[in-house]
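Structural description and commentary
Chain by chain, the residues run as shown.
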Amino acid sequence: DTGVSQDPRHKITKRGQNVTFRCDPISEHNRLYWYRQTLGQGPEFLTYFQNEAQLEKSRLLSDRFSAERPKGSFSTLEIQRTEQGDSAMYLCASSPGDRDRGEKLFFGSGTQLSVL
Amino acid sequence: AQTVTQSQPEMSVQEAETVTLSCTYDTSESDYYLFWYKQPPSRQMILVIRQEAYKQQNATENRFSVNFQKAAKSFSLKISDSQLGDAAMYFCAYTGNQFYFGTGTSLTVIP
């Protein structure tokens, strides 16, 4: 068990560019979550997957954001036409998915995005 | 809508002393869970403690304990015998159908 890993750790991009982040959850974890965290704030829910199905998306997730989990293992989060307001830490978390609620989330170290 | 409020942006405690971090939440659900997560400078979120709303007994994990007041919708975290490694951001979180986090409390431990 190597924990949740995220790649890259840091990403600097110019406004208008597209970026893609990857998250590898703990193996055999069915649920995978994406959160966004800005400085001084708590994580904000973006979306989550149960296996390969994307079950919920936050209203925060504009049309420029898309997430996939094609084989129910790793996930990617893509941001198109980045804006300066997208600058944040993007956190991924996974959980076993063996109960409806109350599960412990295991977090990755995050991807810090800076949009210039 | 569910909200989580942490009214203390910053707290400090002397090493080996006890500190209590406050959290209140708002929900119309009767079945839910509450958590405290720790985020050190490395920014990796680590679970500190979890409380099930249907349990009246307060959860404890070694030096960490909670005071869960369901009627008041209050969920405070007590850290006893504070250590330098406890310095971090602490987030209170609620889960019903989704996870909701508070804005965090930055804890400083003074040697």
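Up top is the structure these notes are about.
All of these numbers come straight from a predicted model, not from anything done at the bench. (Residues numbered from 1 in each chain as written. Chains lettered and ligands numbered in written order. Predicted model: local features only at pLDDT ≥ 70, side-chain atom pairs only at ≥ 80, totals over all residues. Heavy atoms only, no water.)

The next subject is the overall build of chain A. A count of helices and strands for chain A gives 0 helices and 11 strands. Along chain A, from the amino end to the carboxyl end, the secondary structure elements read β-β-β-β-β-β-β-β-β-β-β. Once the C-alpha set of chain A is aligned to its principal axes, its extents read approximately 40 × 25 × 25 Å. In chain A, which comprises 116 residues, the proportion classed as buried is 47%. A separation threshold of at least 6 residues defines the contact pool for chain A, and within that pool the share at least 24 residues apart is 53%. (Helix = DSSP H or I, 4+ residues; strand = E, 2+ residues; numbered from the N terminus. Buried < 20%, exposed > 50% of the residue type's maximum accessible area, 1.4 Å probe, protein only. Contact = heavy atoms within 4.5 Å.)

All names here are of chain A. By the secondary structure assignment, serine 5 is in strand 1 (residues 5-7). Spatially, the C-alpha atoms of serine 5 and cysteine 92 are 8.2 Å apart, while their sequence positions differ by 87 residues. Beyond its immediate chain neighbours, meaning those up to four positions away, serine 5 contacts Arg22, Cys23 and Asp24.

As a further point, take the packing of aromatic side chains. In the structure shown here, the tally under the stated rule is 17 aromatic pairs over all chains. Look at tyrosine 35 of chain A and phenylalanine 45 of chain A: their rings are 6.0 Å apart centre to centre, the planes differ by 75 degrees, and that puts the pair in the edge-to-face class. Remark: phenylalanine 45 of chain A occurs in strand 5 (residues 44-50) and tyrosine 35 of chain A occurs in strand 4 (residues 31-37); sequence separation between them is 10 residues. As far as burial versus exposure is concerned, tyrosine 35 of chain A and phenylalanine 45 of chain A are alike and both buried. Between tyrosine 25 of chain B and tyrosine 32 of chain B, the aromatic rings sit 5.3 Å apart at their centres with planes inclined by 65 degrees, giving edge-to-face as the arrangement. Since its relative accessible area comes to 4%, tyrosine 25 of chain B is described here as buried. Ring pairs connect the aromatic residues Tyr33, Tyr35, Phe45, Tyr48 and Phe107 of chain A together with Phe35, Tyr37 and Phe101 of chain B, which therefore count as one cluster. Just above the ring of phenylalanine 74 of chain A sits the side chain of arginine 22 of chain A; from NZ or CZ to the centre is 3.9 Å. (Phe/Tyr/Trp six-rings, centres within 6.5 Å; stacked < 30°, edge-to-face > 60°. Lys NZ or Arg CZ within 6 Å of the ring centre and 35° of its normal.)

What follows deals with the state of the cysteines. Residue and element names in this part refer to chain A. Counted according to the given criterion, the structure contains 2 disulfides over all chains. Disulfide pairing places cysteine 23 opposite cysteine 92 at an S-S distance of 1.9 Å. Judged by the torsion about the S-S bond (-70 degrees), the cysteine 23/cysteine 92 disulfide is left-handed. Of this pair, cysteine 23 sits in strand 3 (residues 19-24) while cysteine 92 is found in strand 9 (residues 88-95), placing the two residues 69 residues apart along the sequence. For the pair cysteine 23 and cysteine 92, one class covers both residues: buried. (Disulfide = S-S within 2.5 Å.)

Attention now goes to the pairing of strand 9 of chain A. All names here are of chain A. When you tally the buried positions in strand 9, you get 8 out of 8 residues, the bulk of the element. Burial of the side chains of strand 9 extends over both faces: Ala88, Tyr90, Cys92 and Ser94 are buried on one face and Met89, Leu91, Ala93 and Ser95 on the other. Across 7 bridges, the pairing between strand 4 and strand 9 is antiparallel. Looking at strand 9, one finds that tryptophan 34 is bridged to cysteine 92. The pairing of strand 9 with strand 11 (residues 111-115) spans 3 bridges and is classified as antiparallel. Among the inter-strand pairings, methionine 89 is bridged to a residue of strand 11, identified as glutamine 112. Here strand 9 runs beside strand 10 (residues 106-107); their pairing, made up of 2 bridges, is antiparallel. Each bridged residue has a counterpart across the sheet, and for alanine 93 the counterpart in strand 10 is phenylalanine 107. (Pairing = 2+ DSSP bridges.)

Let us look at the side chain of aspartate 86 of chain B. Residue and element names in this part refer to chain B. Along the chain, aspartate 86 turns up in the loop between strand 9 (74-79) and strand 10 (88-95). Residue class for aspartate 86 comes out buried when judged on its relative accessible area of 3%. For aspartate 86, the side chain forms a polar contact with the main-chain nitrogen of glutamine 83, separated by 2.8 Å. Non-local contacts of aspartate 86, meaning those with residues more than four positions away in its chain, are made with Lys38, Arg63, Phe64, Ile79, Asp81, Leu107 and Val109. (Polar contact = N/O pair within 3.5 Å; in protein donor to acceptor, adjacent residues only side chain to side chain.)

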